Amino acid sequence: MSVYQWFVFFLLVQIIHFLGTWKLYKKAGRKQWEAAVPVYNAIVLMKIIGRPTWWTILLFIPIINLIMFPVIWVETLRSFGKRSALDTFLGLITLGFYIYYINYTQDLEYVADRSLSPDSKTADTISSLLFAVVVATLVHTYLIQPYTIPTSSLEKSLLVGDFLFVSKMNYGARVPMTTIALPMVHDSIPFTKSKSYLTWPQLPYMRLPGIQNINRTDIVVFNWPVDTVYRFFDTSKRRAYKPVDKKSNYVKRCVGIPGDSLSIKDGLIYIDGKLLQLPERAKPQFSYKVALDPKTPIDFESLFKELDITDPAGFADQTKRDTLFMSALTEAGAERLKNVPGITAVIRQISKEIDNAVFPHINKWNRDNYGPIYIPQQGKTVALTMETLPFYKAIITDYENNDLKTDGSEIRINGQIAKTYTFKQNYYWMMGDNRHNSEDSRFWGFVPENHIVGKPVFIWLSIDPNGKGINKIRWDRVFTTVSGEGQPQSYFKLFLLGLIFFFVGEYFWKKRKQKMVK
C-alpha cells in the first residue's frame with residue numbers, strides 16, 4: 001500500500017470508530033466530537049476505560065496493535081457494564097463490532113469506578129500472559145531478536161549451531177511492513193507449513209534511526225532478496241513470493257557498501273582497486289587440492305581436529321591415497337598442511353572458466369574472478385543500455401516496483417523511454433567467508449536496504465551437531481561477542497559468577513529484612 005492508500009485506510013478506521021462509539025463517549029461524560037478526532041480519540045478512550053494514556057502508543061505500533069485492539073474492545077465493554085463471558089466472546093468474535101450493537105440498541109450506564117483488578121486467577125493469568133507477549137514482541141521486533149546459524153557460509157566466524165542475539169538498534173529497527181502476522185514467528189506457524197501472516201495490508205518501508213551505518217566487513221542479518229525456499233506454500237514454483245520482511249533470514253558479511261566498485265581477483269576482494277582488509281576474526285576459506293604420498297600414513301582424524309575442521313564428511317573421499325580435496329580450508333590451515341609428513345603439495349583451487357550461474361548471468365565471470373561491479377547508492381544515476389540493464393533489472397522491477405519493458409535496444413520504464421536510472425535506496429554486497437560454500441551476492445546480486453534486519457552482536461549458546469554429552473555444547477563460544485578486536489573470548493564464567501553473587505546477596509538481604517522485622 002502507498003502512503004496515500006494508508007492515509008485513506010486510516011481515515012476509514014477513524015470513521016468506523018466514530019460511528020460505533022460516539023454514544024458511548026457521550027455516556028461517559030465526554031463530547032461526541034472527541035470520538036472523531038484521530039489519535040485524540042484514543043487518548044480520551046484510555047481515560048474512559050481507566051487505562052494509562054501511554055497505551056495509546058501501543059495502538060499504533062504494527063503487530064503490537066493486533067494484541068491491543070482485542071484488549072481495548074473488552075475493556076470498553078466492561079466500562080459500560082458488559083462483563084459476562086458472552087459479552088467478551090461476542091466482542092472478540094465480531095472483531096469489536098459488537099460495540100456497534102450496544103452503542104445503538106441499548107441504553108447503557110458508564111461505570112466510572114469499576115475495578116481494574118482481574119475477577120479470577122484465570123483472568124489474572126491471561127492478563128499477565130498478554131502483558132508478557134506485548135513486551136516480548138516489542139523487544140523481538142524493535143530491539144533484539146534471537147537467531148540460529150543454519151549453514152556454514154560464515155564458518156570459523158559463526159558456526160552451525162550458534163544461537164545469536166541480533167540487534168535491531170545498530171542499523172535502526174525496521175517497522176514491520178506486514179501488519180497482520182503472529183508475533184515472534186517468521187514466515188510460518190511453528191511445526192506447520194501454514195503462513196503466519198496476511199499479505200494485505202502492507203506498510204511502506206520505514207526504519208527508525210540507528211546508532212551506526214553498515215560498514216564494510218560487518219556481519220549482517222538480512223532478508224534473502226531472491227527467496228527460493230519454495231518448500232513453503234507452493235511446491236509448483238521454484239521461488240516463494242513473500243513480503244520483504246517475511247523472506248527467509250540470511251547472515252553474511254557485508255564486503256561492499258553503496259557507491260563501491262567491487263571486484264574479485266583469484267578469490268580476493270578489491271574495493272575501488274584496493275584489497276579489502278578483513279578483521280582478525282574473519283577467516284576466509286577456499287578449496288584446496290592436497291597431494292599425498294601413498295607410502296606415508298596420515299592420521300586424518302587428528303589432522304582435521306588440529307585444523308578445526310568440523311565436518312570432515314563434507315570433503316572428498318579420504319581413502320584415495322594420492323589426492324585429497326578440502327572445500328573449507330583457511331590460508332593458515334593450508335600452510336600448516338604443507339608441513340605434515342606425507343603431504344607433498346597444497347594447491348588452492350581458483351575458478352578459471354566462465355560460469356553463467358554468477359550474477360548477472362551474462363557469461364562473463366566466475367565466483368573467484370568477478371567484476372568490477374558498481375554497488376548502487378541512493379540518489380545516484382547510472383546509464384541504462386542493453387549491456388548494463390542485467391545489473392539493475394531486478395532493482396528496477398522487483399525492489400523499486402517499476403514497470404520495465406524492452407523493445408530491441410529501447411528501454412521503457414513506466415511507459416517512458418529511459419536512458420538513465422536513479423536509485424531510490426541503497427544496496428549492499430554480501431558474501432560468506434567460506435568462499436566456495438556460500439550462496440551469496442555473487443549468485444543473486446545486491447541486497448536492498450529495506451531487506452536489512454540487524455547486526456549479530458552476541459552468541460549466547462553454541463551447539464555442536466557432531467558433539468556428544470557435555471561436549472555437545474561449545475563452551476568456549478557461550479557468551480562471546482560476534483565483533484570486536486582480537487579473538488572471541490567467552491564471558492560465561494563471569495556470567496555464572498554474577499549469578500552466584502546475585503543469589504547470595506538476595507539470601508543475605510532477606511535474612512537482614514527478617515531480623516529488622518523482628
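In this text the structure is predicted, and so the values were computed from the model without any measurement. For every chain, the first residue of the written sequence is number 1, and numbering continues from 1 onward in sequence order. Thresholds applied to this predicted model are a pLDDT of at least 70 for local features of residues and 80 or more for the giving and counting of side-chain atom pairs; totals over whole chains, interfaces and linings are not thresholded and use all residues. In computing side-chain values, all of the structure's heavy atoms are included and hydrogens and water are not.

Enquirer: What should I look at first to understand the side chain of aspartate 218 in this one?
Expert: Secondary structure elements are taken from DSSP: a helix is a run of H or I of four residues or more, a strand is a run of E of two residues or more, and numbering for both begins at the N terminus. Its place among the elements puts aspartate 218 in the loop between strand E2 (162-167) and strand E3 (219-223). Exposed residues in this analysis have more than 50% of their type's maximum accessible area, buried residues have under 20%, and partly exposed residues fall in between, with area computed by a 1.4 Å probe over protein chains only. The charged-residue count follows a simple rule in which Lys and Arg add positive charge and Asp and Glu add negative charge, with His and chain termini not counted at all. In the sections that follow, a salt bridge refers to a side-chain nitrogen of Lys or Arg positioned within 4 Å of a carboxyl oxygen of Asp or Glu. Lysine 455 provides the closest opposite charge to the buried, unpaired aspartate 218, separated from it by 4.1 Å. Only 3.1 Å separates the side chain of aspartate 218 from the backbone nitrogen of asparagine 215, close enough to count as a polar contact. The contact criterion used throughout is that any non-hydrogen atoms of two residues lie within 4.5 Å. Not counting chain neighbours up to four residues away, the residues in contact with aspartate 218 comprise Tyr171, Gln212, Asn213, Lys252, Arg253, Cys254 and Lys455. For this analysis, a polar contact is any N or O atom pair within 3.5 Å, provided that within protein one partner can donate a hydrogen and the other can accept it, and provided that sequence-adjacent residues contribute only side-chain to side-chain pairs.

Enquirer: Explain the layout of surface pockets here, please?
Expert: Unfilled space is identified by rolling a water-sized probe across the atoms. A 1.4 Å probe that fits into a set of points on a 1 Å grid over the protein atoms alone but cannot get out defines a cavity; an open set with protein on both sides within 12 Å along at least five of seven lines defines a pocket, and lining residues are those with an atom within 4 Å of a point. Grid points are joined across faces, edges and corners, and a volume is the space filled by probe spheres set on the points. Size it by volume and the largest pocket reaches roughly 1500 Å³. Taken together, 39 residues make up the lining of the largest pocket; nearest its centre are Phe9, Val13, Leu59, Asn65 and Phe69. Mapped by element, the contributors of at least two residues to the lining of the largest pocket are helix H1 (3-27), helix H2 (40-49), helix H4 (64-79) and helix H6 (98-105). At twelve residues, H1 tops the list of elements feeding residues into the lining of the largest pocket.

Enquirer: Sorry if this is basic, but what is going on with the pattern of salt bridges here?
Expert: Where side chains of opposite charge bring their charged atoms close, a pairing between them can arise. Taken as a whole and judged by the stated rule, the model has 17 salt bridges. Note that arginine 51 is salt-bridged to glutamate 75, the shortest N-O span being 2.7 Å. Separated by 24 residues along the polypeptide, arginine 51 in the loop between H2 and helix H3 (55-58) and glutamate 75 in helix H4 bring together distant segments of the chain. A relative accessible area of 22% means that arginine 51 is categorised as partly exposed. Since its relative accessible area comes to 8%, glutamate 75 is described here as buried. A salt bridge links arginine 412 to glutamate 410, with the shortest nitrogen-to-oxygen separation between them at 3.0 Å. Classification of arginine 412 as partly exposed rests on a relative accessible area of 33%. Salt bridges linked by common partners bring Asp162, Asp464, Arg474 and Arg477 together as one network.

Enquirer: Honestly, the environment of threonine 385 in this entry has me stumped. Any pointers?
Expert: Inspection of the secondary structure assignment puts threonine 385 in the loop between strand E12 (381-383) and helix H10 (389-399). Linking threonine 385 and serine 409, residues 24 residues apart in sequence, is a C-alpha distance of 7.5 Å.

Enquirer: In this structure, what is going on with H2? I would like to understand it.
Expert: One full turn of an α-helix is made of 3.6 residues, so residues set three or four places apart face in the same direction. Buried residues dominate H2, accounting for seven of its ten residues. What H2 keeps buried is the set Asn41, Ala42, Val44, Leu45, Met46, Ile48 and Ile49. On the buried face of H2, the contacting elements are H1, H3 and H4. A positive backbone phi angle near 75° is found at glycine 50, which sits one or two residues after H2.

Enquirer: Where do I start with unusual backbone geometry in this structure?
Expert: For residues besides glycine, phi is generally negative; the peptide bonds are generally trans as well. At the junction of tryptophan 200 and proline 201, the peptide bond is cis and its omega measures out at 0° in the coordinates. Residue placement: proline 201 occurs in the loop between E2 and E3. Geometrically, the link from phenylalanine 359 to proline 360 is a cis peptide bond, its omega value of 0° lying close to zero. By the secondary structure assignment, proline 360 is in the loop between strand E10 (343-348) and strand E11 (370-374). With a phi angle near 70°, valine 39 is a residue other than glycine that sits in the positive phi range. Although it is not a glycine, methionine 184 adopts a positive phi angle of roughly 65°.

Enquirer: Explanation requested: the packing of aromatic side chains in the structure shown.
Expert: We describe a pair of aromatic rings using the distance from one ring centre to the other and the angle between the two ring planes. Any Phe, Tyr or Trp ring, taking Trp's six-membered ring, that has another such ring centre within 6.5 Å forms a pair; planes under 30 degrees apart are called stacked, those over 60 apart edge-to-face, and the others tilted. For the structure on display, the rule yields 32 aromatic pairs. A centroid spacing of 6.4 Å and a plane angle of 70° characterise the contact between tyrosine 427 and phenylalanine 446, whose relative ring orientation is edge-to-face. One end of the pair, tyrosine 427, is in strand E17 (residues 427-431); the other, phenylalanine 446, is in the loop between helix H11 (441-444) and strand E18 (447-448), with 19 residues separating them in the sequence. The two residues tyrosine 427 and phenylalanine 446 agree in class, both being buried. With a centroid separation of 5.5 Å and an interplanar angle of 80°, the aromatic rings of phenylalanine 458 and phenylalanine 479 are classed as edge-to-face. On the criterion of sequence distance, the pair formed by phenylalanine 458 in strand E19 (residues 452-462) and phenylalanine 479 in the loop between E19 and strand E20 (480-481) is long-range, its members being 21 residues apart. The buried category is assigned to phenylalanine 479, whose relative accessible area is 16%. Among the aromatic residues, those joined into a cluster by ring pairs are Phe359, Trp365, Tyr370, Phe391, Tyr392, Tyr399, Tyr421, Phe423, Tyr427, Trp429 and Phe446.

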